[in-house]
Amino acid sequence: MSQPAHIEAFFDPTTWTISYVVYDQVGGSAAILDPVLDYDPKSGRTGHDNAQKVLDFVHAHSLTVTWILETHAHADHLSAAAWLKQQVGGKVAIGAKIGTVQQVFKTLFNLEADFATDGSQFDHLFEDDETFAIGTLSARAIAVPGHTPADLAYQVGDAVFIGDTLFMPDVGSARCDFPGGNAATLYQSVRKLLNLPAQTRLFLCHDYPPENRKPQWQTTVAAQRAANIHLHDGVDEATFVAMRTQRDKTLGMPMLILPAIQVNIRAGVLPPADTNGIRYLRIPMDAL
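Throughout this document, residue positions are counted from 1 along each chain, in the order its sequence is written. pLDDT decides what is reported in this predicted model: residues at 70 or higher carry local features, side-chain atom pairs at 80 or more are listed and counted, and totals for whole chains, interfaces and linings draw on all residues regardless. Water and hydrogen atoms play no part in the side-chain values, which are based on all heavy atoms of the structure.

K.L.:
Quick question: what am I supposed to make of the side chain of S19 here?
P.N.:
Structurally, S19 can be placed in strand β2 (residues 17-23). In protein, a polar contact means a hydrogen-donor-capable atom and an acceptor-capable atom, both N or O and within 3.5 Å, with residues adjacent in sequence counting only if both atoms are side-chain atoms; elsewhere, any N or O pair within 3.5 Å suffices. Side-chain polar atoms of S19 contact the backbone oxygen of D34, separated by 2.6 Å. Contacts are assigned to residue pairs that have any heavy atoms within 4.5 Å of one another. Once you skip the residues sitting within four places of it in the chain, S19 turns out to touch E8, A9, F10, L33, D34, P35 and V36. By definition, any uninterrupted DSSP run of H or I lasting at least four residues is a helix, any uninterrupted run of E lasting at least two residues is a strand, and each is numbered from the N terminus.

Here is the structure:
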């Protein structure tokens, strides 16, 4: 993994999400990570302003998209993976444990009987420690469950895209109270990441900054080990689990969790149209 990756970040201020394009060279191959589909919860309308910025960058740099990578089935934004695949191709991929997540939410949303819960909506399911290529770049999938059972990080050279495991050091760690989440599991996943070399660059999927700073999305293993408010060196598993469990009890559900999950477990494909030709999202009452 000696060749450096080129990385371009795209920040969506509506959902505080950062998407990325990772590529080997201009005119070469690229992967898109965690792309955002615009969604207006007031009207139910979708849009492609965020995804179009990614698409424009891909075209401007004459890149061939080989992968569209999801770190997990997001609860805070809808995925633009399906739309981008229509525009530029690429295999849509996620962690192999996505079926566990699909089973839970197929039941919650009472989805159509033939909705598959084996991850087959995705083009590829990554196993832990599986290697793959982005053109001339070598990459590796790292299972980091805890936030959800299916979370993955992607390592490309000295860069690791860590999804919702950690945030910036002054924000801390991801919640673990979604179905299948587990604080002890997240602790072990984070230690796996923080055992990487100190200079390893960590790229986040979200930032929720305090008022005294602007959004950021790049940090290092060394910075996290020194200063992460939840998981710096010296915090043991029991202490973290107690803190995380108590904190999660105070958190409300993400604003877009109900529409987002229904789309994201389908690899970014919108639900099938009803008999009148309109697509619908389901809102379970008193279930979460």
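K.L.:
Would you explain the packing of aromatic side chains in this entry?
P.N.:
To describe a pair of aromatic rings, one takes the distance between the centres and the angle between the planes. Two rings belonging to Phe, Tyr or Trp (six-membered ring only in the last case) form a pair when the distance between their centres is within 6.5 Å. Interplanar angles under 30 degrees mark stacking, angles over 60 mark edge-to-face geometry, and anything in between is tilted. Inspection of every chain in the model, using the stated rule, returns 15 aromatic pairs. Ring centres 4.5 Å apart and planes at 40° place the aromatic pair F126 and F132 in the tilted group. By relative accessible area, F126 is classed as buried at 1%. Look at F167 and Y208: their rings are 5.5 Å apart centre to centre, the planes differ by 85°, and that puts the pair in the edge-to-face class. A 1.4 Å probe rolled over the protein chains alone gives each residue an accessible area, and that area as a share of the maximum for its type sets the label: buried under 20%, exposed over 50%, partly exposed in between.

K.L.:
Which parts of the structure should I look at to understand the packing of helix α4 (residues 183-194) against helix α6 (residues 237-248)?
P.N.:
Packed helices, taken two at a time, are described by the angle between their axes plus the distance between the axes. The contact between α4 and α6 brings their axes to 9 Å, and the two run at 130°. Comparing their axes, α6 and α4 come out oblique. For the pair α4 and α6, the sense of crossing is right-handed. Across the interface between the two elements, A183, A184, L186, Y187 and Q188 from α4 touch E237, F240, V241 and R244 from α6. Of the residues belonging to the contact of α4 with α6, the class tally is six nonpolar, one polar and two charged. Orientation is described by axes fitted as lines to C-alpha atoms, over the contacting stretch for helices, and by angles from 0 to 180 degrees between their N-to-C directions. Reported orientations rely on four angle classes, namely roughly parallel under 35 degrees, roughly antiparallel over 145, roughly perpendicular from 65 to 115, and oblique for the rest. Each helix crossing is assigned a hand: it is left-handed if the near helix lies turned anticlockwise from the far helix by less than a right angle, otherwise right-handed if that turn is clockwise. Residues are grouped as follows: Ala, Val, Leu, Ile, Met, Phe, Trp, Tyr, Cys and Pro are nonpolar; Asp, Glu, Lys and Arg are charged; all remaining types, including Gly, are polar.

K.L.:
Is there a simple way to explain the pattern of salt bridges in this structure?
P.N.:
Pairing between side chains of opposite charge can happen when their charged atoms approach one another. Salt-bridge detection follows one rule: a side-chain nitrogen of Lys or Arg within 4 Å of a carboxyl oxygen of Asp or Glu. In total, this model carries eleven salt bridges according to the counting rule given. For R201, the salt bridge is made with D158, and the minimal N-O distance between the two is 2.9 Å. In this pair, R201 is assigned in strand β14 (residues 201-203) and D158 in the loop between β12 (152-156) and β13 (159-161), connecting sequence segments 43 residues apart. The partly exposed category is assigned to D158, whose relative accessible area is 37%. With its nearest N and O atoms 2.6 Å apart, the salt bridge here joins D207 to R213. Taking relative accessible area as the criterion, D207 reaches 0% and is therefore assigned buried. Judged by its relative accessible area of 16%, R213 falls in the buried class. Bridged by salt links that share partners, the residues D170, D207 and R213 form one connected network.

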